[in-house]
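Close look at the chain arrangement
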Amino acid sequence: MKHENPPHTEHIPMKGGLARALERGELTLHFQPKIDMKPTEGATGVVVGYEALLRWQNPIVGSISPGDFLSWAERSNEVRTVGYWVADQALRQLAAWRASGLATPHTRVSINLLGRQLNDPLLLDELLAAAERHHLKPDDLELEVTEATLDEEAAGLNALRQLKDAGFRIHLDDFGAGYSSLSYLHRFPFDCVKIDRTVVADMDRESQSLSLTKTVVALGQKLRLQVIAEGIETAEHVNMLLEMGCHLGQGFYFARPMPAVAIERWLLAEPTQQTA
């Protein structure tokens, strides 16, 4: 039977919804490759890692946008349970890809942390346990946080320092989205700064976006930070970034976020795509 008015996400009770979705197997991870764009012999790019992104496929309303459920999860205790699951599944998949030869010991996986997770006193122990469970090192997991997260949770900086001291790699995500403060790059020793997709997408149309990208790349080089450009959509974006000295990127030009099985097909279908 076809609905005259398709159901919307408001018909899904958010309270307890994510936890039940996890129990029912409705939550999955999609992975978006991170690419070293430097030209190499016989390869158009080298996969250096993957960002794990949570997806919810509900049998009633279909695909539910992360924007519709993550904000609720962050206000509830569900974020702890689901967050631990995301970390465990991301590391499990990385270990499986390494075992099958589709990833090397240098390939990493990243997950996104929300502010409420940074206040969880069990976070460090749970992440260490997940890495050990899959015979991986903390250095194999990259933890991505946004400026907004750090603004909302001032104590988050202390939590990140503990995570970094334990060996996890810390990335400042979505830099350039809205108000950006360079003070964060001085207050905390991040391993990487990720330039927001909206800035990168407008580089060839707006001088302000181009100038901001150049500034972040130059600052990253001076501070010895990795710089990853998000939202790469065209070959022109790739060439512009390489000219600036930024050789790490992710975006639809290379690959969209995909389930693990689709990533494997993508790797096997791209003979010039290497992993590192």
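What comes next is a walk through the structure. Bear in mind the structure is a predicted one, so any value in this text is a computation, not a measurement.

**Points about the overall build of the protein chain**
Secondary structure summary: the protein chain contains twelve helices and eleven strands in total. Among the 276 residues that make up the protein chain, the fraction classed as buried is 52%. Looking at the protein chain alone, contacts between residues at least 24 apart form 70% of all its contacts between residues at least 6 apart. Accessible area of the protein chain: about 13600 Å², with a carbon and sulfur share of 52%.

**Looking at the pattern of salt bridges**
Evaluation of the coordinates by the stated rule reveals 16 salt bridges. Lysine 34 is the partner of glutamate 144 in a salt bridge, and the nearest nitrogen-oxygen pair spans 3.0 Å. Here the residue glutamate 144 occupies a position in strand 5 (residues 141–146), and lysine 34 occupies one in strand 1 (residues 27–36), the gap between them amounting to 110 residues. Of the two residues examined, glutamate 144 and lysine 34, each falls in the buried class. In this structure, the salt-bridge partner of arginine 133 is aspartate 88, at a minimum N-O distance of 2.8 Å. Here aspartate 88 lies in helix 3 (residues 78–100) and arginine 133 lies in helix 5 (residues 123–133), a separation of 45 residues in the sequence.

**Details of the packing of helix 10 (residues 207–222) against helix 11 (residues 235–244)**
The contact between helix 10 and helix 11 brings their axes to 10 Å, and the two run at 40°. By the angle class used here, helix 10 and helix 11 are oblique. For the crossing formed where helix 10 meets helix 11, the hand is right-handed. For the pair helix 10 and helix 11, contact is made by Leu210, Thr213, Lys214, Val217 and Gln221 and by Met240, Leu241 and Met244, respectively. Within the contact of helix 10 with helix 11, the residues separate by chemical class into five nonpolar, two polar and one charged.

**Here we look at the nonpolar core**
Judged by nonpolar contacts, the single largest core of 79 residues is most densely connected at Leu163 and Phe190. Considering each element in turn, this core owes the most residues, ten residues, to helix 3. Once residues within four sequence positions are removed from consideration, leucine 163 is found in contact with Leu113, Leu118, Leu123, Leu124, Leu127, Leu143, Phe168 and Ile170.

**As for the packing of aromatic side chains**
Scanning all chains against the criterion turns up three aromatic pairs. Here the aromatic rings of phenylalanine 31 and tryptophan 97 are separated by 5.1 Å at their centres, their planes lie at 70°, and the arrangement is edge-to-face. Residue phenylalanine 31 is found in strand 1, and its partner tryptophan 97 is found in helix 3; the two are separated by 66 residues along the sequence. Taken together, a centroid distance of 4.7 Å and an interplanar angle of 45° make the contact between tyrosine 50 and tryptophan 97 tilted. Placement of the pair is tyrosine 50 in strand 2 (residues 45–58) and tryptophan 97 in helix 3, with a sequence separation of 47 residues. An identical accessibility class is assigned to tyrosine 50 and tryptophan 97; each is buried. An aromatic cluster is present here, built from Phe31, Tyr50 and Trp97 joined pairwise through their rings. In this structure, arginine 256 is placed above the aromatic ring of phenylalanine 252, and the distance from its NZ or CZ to the ring centre is 3.9 Å.

**Examining unusual backbone geometry**
Even without a glycine there, the phi angle at histidine 135 is positive, about 60°. Here histidine 135 lies in the loop between helix 5 and strand 5. Classification of histidine 135 as exposed rests on a relative accessible area of 74%.

**Some words on the environment of aspartate 174**
Mapped onto the fold, aspartate 174 is located in strand 6 (residues 169–175). Taking C-alpha positions, aspartate 174 is 9.3 Å from glutamate 144, a pair spaced 30 residues apart along the chain. When residues no more than four places from it in sequence are discounted, the contact partners of aspartate 174 are Thr146, Glu147, Lys194, Asp196 and Glu230.

Calculation rules
- Residues numbered from 1 in each chain as written.
- Predicted model: local features only at pLDDT ≥ 70, side-chain atom pairs only at ≥ 80, totals over all residues.
- Heavy atoms only, no water.
- Helix = DSSP H or I, 4+ residues; strand = E, 2+ residues; numbered from the N terminus.
- Buried < 20%, exposed > 50% of the residue type's maximum accessible area, 1.4 Å probe, protein only.
- Contact = heavy atoms within 4.5 Å.
- Areas by Shrake-Rupley, 256 points an atom, 1.4 Å probe, with all protein chains shown as cover.
- Salt bridge = Lys/Arg side-chain N within 4 Å of Asp/Glu carboxyl O.
- Axes fitted to C-alpha atoms, helices over the stretch in contact; angles between N-to-C directions.
- Parallel < 35°, antiparallel > 145°, perpendicular 65-115°, else oblique.
- Left-handed = near helix turned anticlockwise from the far one by under 90°.
- Nonpolar A, V, L, I, M, F, W, Y, C, P; charged D, E, K, R; others polar.
- Core = buried A, V, L, I, M, F, W, Y, C linked by side-chain atoms within 4.5 Å.
- Phe/Tyr/Trp six-rings, centres within 6.5 Å; stacked < 30°, edge-to-face > 60°.
- Lys NZ or Arg CZ within 6 Å of the ring centre and 35° of its normal.

Nothing here speaks to function; it is geometry throughout.
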